[in-house]
Each structure stands twice: as structure tokens, then as C-alpha cells.
Amino acid sequence: MLTGDRPTGPLHLGHYAGSLRNRVALQDVHQQTILIADLQALTDHAGRPRDVRQNVLEVALDYLAVGIDPSVTTIALQSAIPELAELTMLYLNLVTLARLERNPTVRSEIELRGFARDIPAGFLVYPVSQAADITAFRATLVPVGDDQLPMIEQTNEIARRLAGLAGRPVVPECRALLSATPRLPGVDGRKASKSLGNAIALSASPDAIRDKVRAMFTDPGHVRASDPGHVEGNVVFAYLDAFDAQREEVEALKQRYRDGGLGDVLLKRRLEEVLQALLAPIRSRRAYLARDPATVLAIIRAGSERAHSVADSVLADVRDVFFLNDNG
Ligand code: TRP
């Protein structure tokens with residue numbers, strides 16, 4: 001099992017619902033590697049390398065705070081594993097420019113970032129580097145949100161082209177492990193994103209949680225508590241569905257909201273309680289770990305060492321396919 005996160009800011013509830021929760025739940029049954037994808041982060045943050053560097057520690061703290069256990073999960077830093085760069089270079093020969101331009105996630109990211117004609121070349125090819133990330137650990141399971149499905153598809157295309165070239169499978173194909181909430185909206189109803197500032201960070205303060213919940217988009221047609229309201233497209237219900245364990249109560253609230261008679265203030269108060277309860281232990285664990293960054297960095301260093309030796313053997317297999325191993 002393998003996933004990664006770009007260290008471009010603190011991880012948020014979208015990461016938690018879409019992927020982190022699954023990683024924690026499955027770390028005892030699957031051999032798991034998690035990459036802090038700093039090279040991928042540079043593909044659209046090349047102007048702010050210092051930020052990327054600083055966020056490596058922040059992301060690692062988020063992992064440990066939510067319960068990723070470094071004694072069973074390998075936490076590694078992408079840039080500390082040079083095999084990934086070489087694999088990327090080789091895989092680039094197995095994809096076309098047209099295919100890269102068709103990736104819907106990359107397309108929407110290009111639009112979101114306003115790259116227009118100035119797309120960094122590295123950004124366009126990051127799905128290929130992600131294919132290297134996944135295959136370098138012979139991963140078969142990738143716990144991600146649904147925005148990452150196009151990356152899985154491209155990875156499998158590369159795995160198949162490699163197999164075609166070799167006349168036998170070289171790296172396994174993989175599949176996405178989607179959570180029950182593969183896409184949590186931002187508080188404004190748009191895609192949750194670090195750059196839009198519409199996400200709730202796992203490290204958010206109690207005040208920030210309260211403010212973000214109060215600002216949440218509900219149903220603009222639901223003016224008085226007595227008005228019937230819409231549940232679909234209502235961000236508060238999307239979050240209750242993702243995080244409120246009292247399923248039956250949530251269903252009853254939805255009914256009341258639809259019928260009219262449930263106000264946004266009351267509804268948001270419930271969500272705030274749920275989120276405060278979820279994030280309080282994560283915040284305190286994070287604060288505790290943050291006092292000793294050297295230990296966290298040592299965990300990343302040890303994980304990167306381990307990851308490096310696995311990736312090394314996969315790279316040797318891929319080099320074989322391209323006749324790059326015999327030196328005489
Ligand atoms: N693209 C992923 C994201 O933006 C991060 C990532 C990098 C990743 N390498 C990966 C995800 C490998 C899954 C597998 O969140």
C-alpha cells in the first residue's frame with residue numbers, strides 16, 4: 001500500500017476523510033509506505049522551495065498525530081529516494097504528451113493555478129513521477145481521494161506498457177482504495193484546497209474550527225428555520241456524513257431539515273461539537289510531538305533509508321527492460 005502528500009501546507013479534513021483514515025485503519029494489515037512528495041510539490045512551488053522544505057515536518061507531524069505508526073508504516077521523503085527520479089525519466093518514454101494533457105485532474109489544477117500557456121514542464125509530467133512513486137514499492141493498493149483516480153489509471157498504463165516491452169509483468173498494476181467520503185467539499189462548497197483557504201486543517205485551533213463551521217455554505221434558499229431546506233450540496237451535511245458517528249441521528253436531522261423546522265445555527269452547532277471532539281486529541285498529540293522535531297526528522301530519515309532499498313531493486317528490474325544493466 002502506498003500514498004503520498006505534497007508538503008505545501010498542513011493536511012486538512014479532506015485528506016483525513018479521503019485517505020488518512022484508511023491508512024491508519026489498514027496499516028496493521030498491509031505493508032504501507034507513505035511518501036512526503038516534496039519533488040511533486042516543487043512542480044508548482046518552485047518559486048517557494050523554503051515553504052516546501054518547512055512543510056515536510058508539518059506533514060509528518062500530521063501523520064503521526066492522526067495515528068500513523070512509524071513502527072509499522074514507512075514514512076519516507078520523496079527527494080531522499082533518487083531511484084524515483086530515474087524511474088520517472090524512464091517512464092517518460094512510455095507516455096505521450098497528448099496523454100499527459102488529457103489527465104482531468106492536471107487540467108483542473110492548471111486552470112485553478114492560472115498557468116494557461118505557462119505550464120511548468122515538471123508539472124505536466126508529475127503523474128509520471130507519481131507512477132514511479134507507486135510502482136517503486138510494487139504497490140497494489142493506493143488509498144486516495146477520487147481526484148487521484150486519473151493518476152492510478154496512468155500508472156497502470158505505464159505498468160502495462162512496461163510489461164509489453166518486457167514480455168512479462170515487471171511491476172504490478174494497482175487500484176485505488178476510495179473511502180466512503182472520497183471527496184469532501186471545502187467550507188465554501190468548492191473543492192477543498194490548501195490554496196483556496198477553504199479547508200479545515202487537522203491542526204486548526206478551536207477558534208478556527210468554530211469560525212470555519214459558522215462560515216459554511218448551506219442552502220441559500222433556507223432563510224428561516226421553518227423553511228424547507230436542501231441537504232444535497234449542503235456542506236454541513238457533507239461534513240456530518242463524513243464525521244458524525246451517530247448515523248441515525250444525522251438521517252433524522254436531514255429529514256427535519258428537508259421538512260422545515262431545523263435552523264442552520266443549531267445544525268452548525270452540532271457539527272462544531274463533532275469536529276472539536278475529533279480534532280482535540282489530534283491537536284494535542286501534534287503539539288506534544290512538535291516539541292521534538294529532531295525525533296520526527298529521524299523517523300523520516302529511517303523511513304527514507306528503508307524505502308530507498310526497496311526502490312533500488314525495482315529500479316534494477318526496470319533498467320533491465322531497457323538494457324541498462326549490463327556494463328560489458
Ligand atoms: N498527487 C497526490 C496529491 O496531490 C500526492 C502524491 C504524490 C501521491 N505521490 C503519490 C498520492 C503517490 C498517491 C500515490 O495529493
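Residues numbered from 1 in each chain as written. Predicted model: local features only at pLDDT ≥ 70, side-chain atom pairs only at ≥ 80, totals over all residues. Heavy atoms only, no water.

Let's shift gears to the overall build of the protein. Of the regular secondary structure elements, the protein holds 14 helices and five strands. By its C-alpha atoms, the protein is 80 × 45 × 40 Å across when sized along the principal axes. Burial statistics for the protein: of 328 residues in total, 49% are counted as buried. When contacts within the protein are restricted to residue pairs at least 6 apart in sequence, those whose partners lie at least 24 apart make up 78%. Total accessible area on the protein is roughly 15500 Å²; 54% of this is exposed by carbon and sulfur atoms. (Helix = DSSP H or I, 4+ residues; strand = E, 2+ residues; numbered from the N terminus. Buried < 20%, exposed > 50% of the residue type's maximum accessible area, 1.4 Å probe, protein only. Contact = heavy atoms within 4.5 Å. Areas by Shrake-Rupley, 256 points an atom, 1.4 Å probe, with all protein chains shown as cover.)

Counting buried positions over the five residues of strand β3 (residues 73-77) gives five, a clear majority of the element. Bridging between strand β2 (residues 32-36) and β3 involves five bridges; their strand directions are parallel. Looking at β3, one finds that Ile36 is bridged to Leu77. (Pairing = 2+ DSSP bridges.)

Time to look at the nonpolar core. In globular proteins that are soluble, nonpolar side chains generally tend to be buried together. Core analysis: the largest hydrophobic core is formed by 48 residues, its most contacted members being Ile200, Tyr239 and Phe243. By residue number, the principal contributor to this core is helix α3 (residues 49-66), which donates eight residues. Viewed by domain, this core spans two of them, domain 1 (2-184 + 293-321) and domain 2 (206-287), each represented by three or more residues. Setting aside anything within four residues of it in sequence, one finds Tyr239 in contact with Leu13, Leu184, Pro185, Gly186, Val187, Ile200, Met216, Asp244, Leu271 and Leu275. (Core = buried A, V, L, I, M, F, W, Y, C linked by side-chain atoms within 4.5 Å. Domains from an automatic or database assignment.)

Looking now at the domain arrangement of the protein. Segmenting the protein into domains produces domain 1 (2-184 + 293-321) and domain 2 (206-287). Between the C-alpha centres of domain 1 and domain 2 there is a distance of 32 Å. The interface of domain 1 with domain 2 comprises twelve residues on the first partner and ten residues on the second. Of the roughly 990 Å² buried between domain 1 and domain 2 on both sides combined, carbon and sulfur atoms contribute 65%. Together, Leu13, Ala65 and Leu184 form the three largest contributors to the area buried by domain 1 at its contact with domain 2, with a combined 51%. (Buried area = accessible area lost by both parts, 1.4 Å probe.)

Near the ligand you find 13 residues, and of these Arg6, Gln40, Gln130, Asp133 and Gln148 are the closest. The separation between an oxygen atom of the ligand and a polar side-chain atom of Arg6 is 3.3 Å. One of the side-chain N or O atoms of Asp133 is found 2.8 Å from a nitrogen atom in the ligand. Against a free-state accessible area of 360 Å², the protein chains account for coverage of 91% of the ligand. (Near = heavy atom within 4 Å. Polar contact = N/O pair within 3.5 Å; in protein donor to acceptor, adjacent residues only side chain to side chain.)

This brings us to unusual backbone geometry. Of note, Arg138 is a non-glycine position whose phi angle comes to about 50°, a positive value. Tracing the backbone shows Arg138 in the loop between α8 (126-135) and β4 (141-143). A positive phi angle is found at Phe323, which is not glycine, with a value near 55°. Relative to the helices and strands, Phe323 is located in the segment after α14 (293-321).

Attention now goes to the packing of helix α11 (residues 235-243) against helix α13 (residues 264-290). Any two packed helices are characterised by the angle at which their axes cross and by the distance between the axes. Where α11 meets α13, the closest approach of the two axes is 10 Å, and the angle between their N-to-C directions is 40°. Considered as vectors, α11 and α13 are oriented oblique to each other. Between α11 and α13 lies a crossing of left-handed hand. On the side of α11, the interface is formed by Val236, Phe237, Tyr239, Leu240 and Phe243, while α13 contributes Leu267, Lys268, Arg270, Leu271, Val274, Leu275 and Leu278. (Axes fitted to C-alpha atoms, helices over the stretch in contact; angles between N-to-C directions. Parallel < 35°, antiparallel > 145°, perpendicular 65-115°, else oblique. Left-handed = near helix turned anticlockwise from the far one by under 90°.)

Next up on the list: the packing of aromatic side chains. All told, the structure shown has five aromatic pairs when counted by the stated rule. Aromatic side chains Phe115 and Phe123 sit 5.3 Å apart centroid to centroid with 70° between the ring planes, which places their arrangement in the edge-to-face category. Grouping residues by exposure puts Phe115 and Phe123 together as buried. In textbook terms, an aromatic cluster arises when at least three aromatic residues are bridged by ring pairs, as seen for Tyr16, Tyr239 and Phe243. Seen from the ring of Tyr126, Arg6 lies directly overhead, with NZ or CZ sitting 4.6 Å from the centre. (Phe/Tyr/Trp six-rings, centres within 6.5 Å; stacked < 30°, edge-to-face > 60°. Lys NZ or Arg CZ within 6 Å of the ring centre and 35° of its normal.)

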